[in-house]
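Chains, contacts and geometry: an overview
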Amino acid sequence: MLNVSSNLITQRIKLNPQAPQQTVPVTTAPQQQSAGTNLLAQYLNNQAIINTPAVSKPQAAQVVHKPYKNDLRTLFLTNSAKILAIIPRTFNAKDTNNNEYIDGNELHGTFLNAIERLDEIKAEGFNTLHLLPINPPGKENAKGTAGSVYAPLDLLKIDPVLIDKNDPRSDKEQFKEFVDACHDRGIRVMVDMPSCASYDLYIARPELMAKERNGLAKTPQGWEDIRMFQPWEDEGIRTLNPDLLEYHRKFVDMMIDAGVDGIRADVARAKPVEFWDIIIPYSRKRNPEFAWLAETYTYEDASPQANMPYDRPEDLLRAGFDSYYGQYHIFHEWTTAKELHDYVIDNLNMSYRLEKGKSLIGSFATHDDISPMHNGGELFCNLTSGLQATLPMLNPYYVDGFQSGDWYRYSYGDKYSPYTTTDNHEMTVHQGRLDIFNLSRKPGGDNPQIGKFMTETFKLRDKYDDVLKRGSYIVLDKKKDNLDQIIAFARHRQGRTLLVIANKNVNRPVSAIVKVPSLKADQKLVNLLPSYGQESTFQVSQGEVAANLGPGRIHVFEIDTPYIQNYTKKVYKQS
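Residues numbered from 1 in each chain as written. Predicted model: local features only at pLDDT ≥ 70, side-chain atom pairs only at ≥ 80, totals over all residues. Heavy atoms only, no water.

Looking only at helices and strands, one finds 15 helices and 21 strands in the protein. Accessible surface, the protein: about 23,500 Å² in total, of which carbon and sulfur atoms supply 50%. (Helix = DSSP H or I, 4+ residues; strand = E, 2+ residues; numbered from the N terminus. Areas by Shrake-Rupley, 256 points an atom, 1.4 Å probe, with all protein chains shown as cover.)

Here's what the structure looks like:
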């Protein structure tokens, strides 16, 4: 436990000469927290007030940016974020010799050359960028020739690779310029907080690190290049590690000082809820709109199991996270429409056990997942784009390269490279997944029509904003769909209804009769999304739609059924 009379944190609370002379509000800690943990919370609360600037820092004379106020938390809580995940060092890389990696005099991605792509990103419809970690990777026991972005050398430093050496500004100034350029275009910035440390950081900061009973470092199964942090000073009495908490507090300060709008917490369950109960409120003392996204699932099947606690999304959402990953990334493994409906309903029911507005991202594919192209090419990509636009309690989420159908196949995979910035000359890759280990080419494929369809789904979401973000979710009954391949539901709010009918099967057409309560026989069906692939046909009769859908096709219709909710019990809604 902490010695409250002599601990450095206590001294800084009482004696910090920079602290403003004002009354500091103290939040009552939960009963299960120890005195030491409560003291940490008071200290971070004090630091939040100290670090809040009284006067806005003036902009450099040569750069004029638009006024901006963070609203990312509101976007999450209203299902309004449209997120693109990027790796800054590959985001605008210039692979001029087309060997798929950056060598010779070729230019990798930097914060400043990333600005060149922001108008493209804005035009595609995104309003939020998720930056995978921007810290320098560790060099020892590394994966790949550049090191994994999830094996940080130091959370409080910026990767020198991301800095334009021809620009006189500092690393933090160049990062701030990128963030400001995003804000000028209405694009919010969320930065990744790695859950673990590199081997180098493990050696440099042993007071932060977890060890096994035999004294060896705790290592997540399958990830030899990272070591686990120790969140506890004394786990038996639930006393947090003050050094680790302070380390992460400084990371939060660095992000807020740069104008960042939120943090995505990698493997959020790697730290206990007591940790998040302190660090998230601390960030909100500095910026009430600072948003938090948890990488956590309904049940764990994506991240290493050994040495990791069980997944607990509801606990993390109660601790202050605004949104979480969820299980849409295994949609391709679900064999029936019912599995999708059941998952949606589970989340909608969960929303009533939580503070209002908690949401998911549309994690049909993240950087940890295989490219959607492997699950059905353009058809699967378009199907999931349509679902992300129309499902409830969801913020659409994509990984850079999706817009043009990148398969994330790298011809250099596992080959020897004479040039490396780590102790590894092997160009490690996870084929089919975005390369997080090397200085790779800019993501992109050969199917730009995928991005065009995605953008149209964003426009649909904006046009029917109220229905799709706040409306009820009505599961529709079907006939003659023996294998349960047709996904059919309605979204309804205040008399307006959208009918969604999709074929989960990307390999063959599927027919069914969808029952639509109160639908009139003369209802005209006009698809609100662009056509692609094999055409579908529909025939309307009283209360029914006979559909023959092409492989992987999704259709959205506005229908005149103002009282549809009165004729079915399968109505669900987000709290």
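Judged by pairing direction, the sheet is antiparallel, and its five strands sit side by side in the order β20-β16-β15-β13-β21 without closing on themselves. The sheet is open, and its two edges are formed by β20 (554-559) and β21 (571-572), each paired on a single side. Relative to strand β15 (residues 486-493), strand β13 (residues 472-475) runs antiparallel, the two sharing four bridges. Among the inter-strand pairings, V475 is bridged to a residue of β15, identified as F489. Each of β15, β16 (496-503) and β20 touches helix α13 (residues 377-390); the most contacted strand, β20, lies at about 35° to it. (Pairing = 2+ DSSP bridges. Contact = heavy atoms within 4.5 Å. Axes fitted to C-alpha atoms, helices over the stretch in contact; angles between N-to-C directions.)

Geometrically, a packed helix pair is captured by the angle between its two axes and the distance between the axes. Viewed as axis vectors pointing N to C, α13 and helix α14 (residues 448-463) meet at an angle of 15°, and their least axial separation amounts to 9 Å. With respect to α14, the axis of α13 lies roughly parallel. Between α13 and α14 lies a crossing of right-handed hand. Two secondary-structure elements touch here, α13 through E378, C381, N382, S385, G386, Q388, A389 and T390 and α14 through Q449, I450, F453, M454, T457, L460 and R461. (Parallel < 35°, antiparallel > 145°, perpendicular 65-115°, else oblique. Left-handed = near helix turned anticlockwise from the far one by under 90°.)

What follows concerns the packing of helix α9 (residues 242-257) against helix α10 (residues 273-286). Packing of α9 against α10 brings their axes to within 10 Å, and their N-to-C directions diverge by 30°. For the element pair α9 / α10, the angle class is roughly parallel. For the pair α9 and α10, the crossing hand works out as right-handed. For the pair α9 and α10, the contacting residues are L244, L245, H248, R249, V252, D253, I256 and D257 in the first and F275, I278, I279, Y282, S283 and R286 in the second. Residue composition of the contact of α9 with α10, by class: eight nonpolar, two polar and four charged. (Nonpolar A, V, L, I, M, F, W, Y, C, P; charged D, E, K, R; others polar.)

Time to look at the side chain of R286. Structurally, the position occupied by R286 is in helix α10. Classification of R286 by relative accessible area gives buried; the value is 11%. A polar contact is formed between the side chain of R286 and the side chain of D253, at a distance of 3.0 Å. (Buried < 20%, exposed > 50% of the residue type's maximum accessible area, 1.4 Å probe, protein only. Polar contact = N/O pair within 3.5 Å; in protein donor to acceptor, adjacent residues only side chain to side chain.)

Attention now moves to the nonpolar core. Of all hydrophobic cores here, the largest spans 111 residues; its most connected members are F175 and W276. Take this core: its biggest share by element is eight residues, from α9. In terms of nonpolar packing, the next biggest core, distinct from the first, is built from 26 residues, F76, A85, Y297 and V399 among them. (Core = buried A, V, L, I, M, F, W, Y, C linked by side-chain atoms within 4.5 Å.)

Time to look at the sheet that holds strand β19 (residues 544-549). Judged by pairing direction, the sheet is antiparallel, and its four strands sit side by side in the order β14-β17-β19-β18 without closing on themselves. Each having just a single partner strand, β14 (478-479) and β18 (537-541) make up the two edges of the open sheet. Alignment of β18 against β19, held across five bridges, turns out to be antiparallel. Paired with T537 across the two strands is N548, which belongs to β19.

Moving on to the pairing of strand β11 (residues 359-362). Alignment of strand β10 (residues 323-324) against β11, held across two bridges, turns out to be parallel. Paired with Y324 across the bridge in β11 is L360. Between β10 and its parallel partner β11, the chain crosses via helix α12 (residues 337-350), and the hand of that crossover is right-handed. Inspection of the sheet shows β11 paired to strand β12 (residues 394-399) by three bridges, in the parallel sense. By the bridge assignment, G362 is partnered in β12 with P396. (Right-handed = clockwise from strand over helix to strand, strands pointing away.)

A word on the pattern of salt bridges. Applying the stated criterion to the full structure yields 38 salt bridges. Among the salt bridges present, the one from R441 reaches D406, with a minimum N-O distance of 2.8 Å. With R441 in the loop between β12 and α14 and D406 in the loop between β12 and α14, this residue pair connects regions lying 35 residues apart in the sequence. Overlapping salt bridges, with partners in common, bring together E246, R249, D253, D257 and R286 in one network. (Salt bridge = Lys/Arg side-chain N within 4 Å of Asp/Glu carboxyl O.)

What follows covers the pairing of strand β1 (residues 83-86). Alternating residues of β1 divide into I83 and A85 and L84 and I86, and every residue in both groups is buried. Pairing analysis gives three bridges linking β1 to β12, with the strands arranged parallel. Looking at β12, one finds that A85 is bridged to V399. Where β1 and strand β2 (residues 128-131) come together, four bridges link them in parallel fashion. Paired with L84 across the bridge in β2 is L129.

This next bit is on a negative patch on the surface. On the surface, a cluster of negative charge is made up of E233, D234, E235 and D243. Looking at the secondary structure, you find E235 in the loop between β6 (232-234) and β7 (239-240). Overall, E235 belongs to the partly exposed group, its relative accessible area being 49%. (Patch = residues over 30% accessible without salt bridge, like charges linked within 9 Å, V, L, I, M, F, W, Y side chains within 5 Å. Lys, Arg positive; Asp, Glu negative; His and termini not counted. Charge placed at Lys NZ, Arg CZ, Asp CG, Glu CD.)

Quick look at the confidence of the model for the protein now. Within the protein, residue pLDDT values average 91, and 89% of them lie at 70 or more. A low-confidence stretch, residues 1-32 (pLDDT under 50), is modelled with 44 contacts involving residues beyond four sequence positions or located in other chains. Predicted confidence is poor over residues 300-305, with pLDDT under 50, and the contacts of this stretch with residues over four places away or in other chains come to 17 contacts. (pLDDT = per-residue confidence, 0-100.)

Our next topic: the environment of G147. Considering the arrangement of structural elements, one finds G147 in the loop between β2 and α7 (171-184). For G147, a relative accessible area of 0% puts it in the buried group. Taking C-alpha positions, G147 is 6.5 Å from N438, a pair spaced 291 residues apart along the chain. The residues contacting G147, other than those within four sequence positions of it, are R89, P137, G138, A142, T422, I436 and F437.

Turning our eyes to something else, we now look at the environment of L44. Mapped onto the elements, L44 comes out in helix α2 (residues 35-51). Filtering out sequence-adjacent residues up to four positions away, L44 remains in contact with L245, E246, R249, I278, I279 and Y282.

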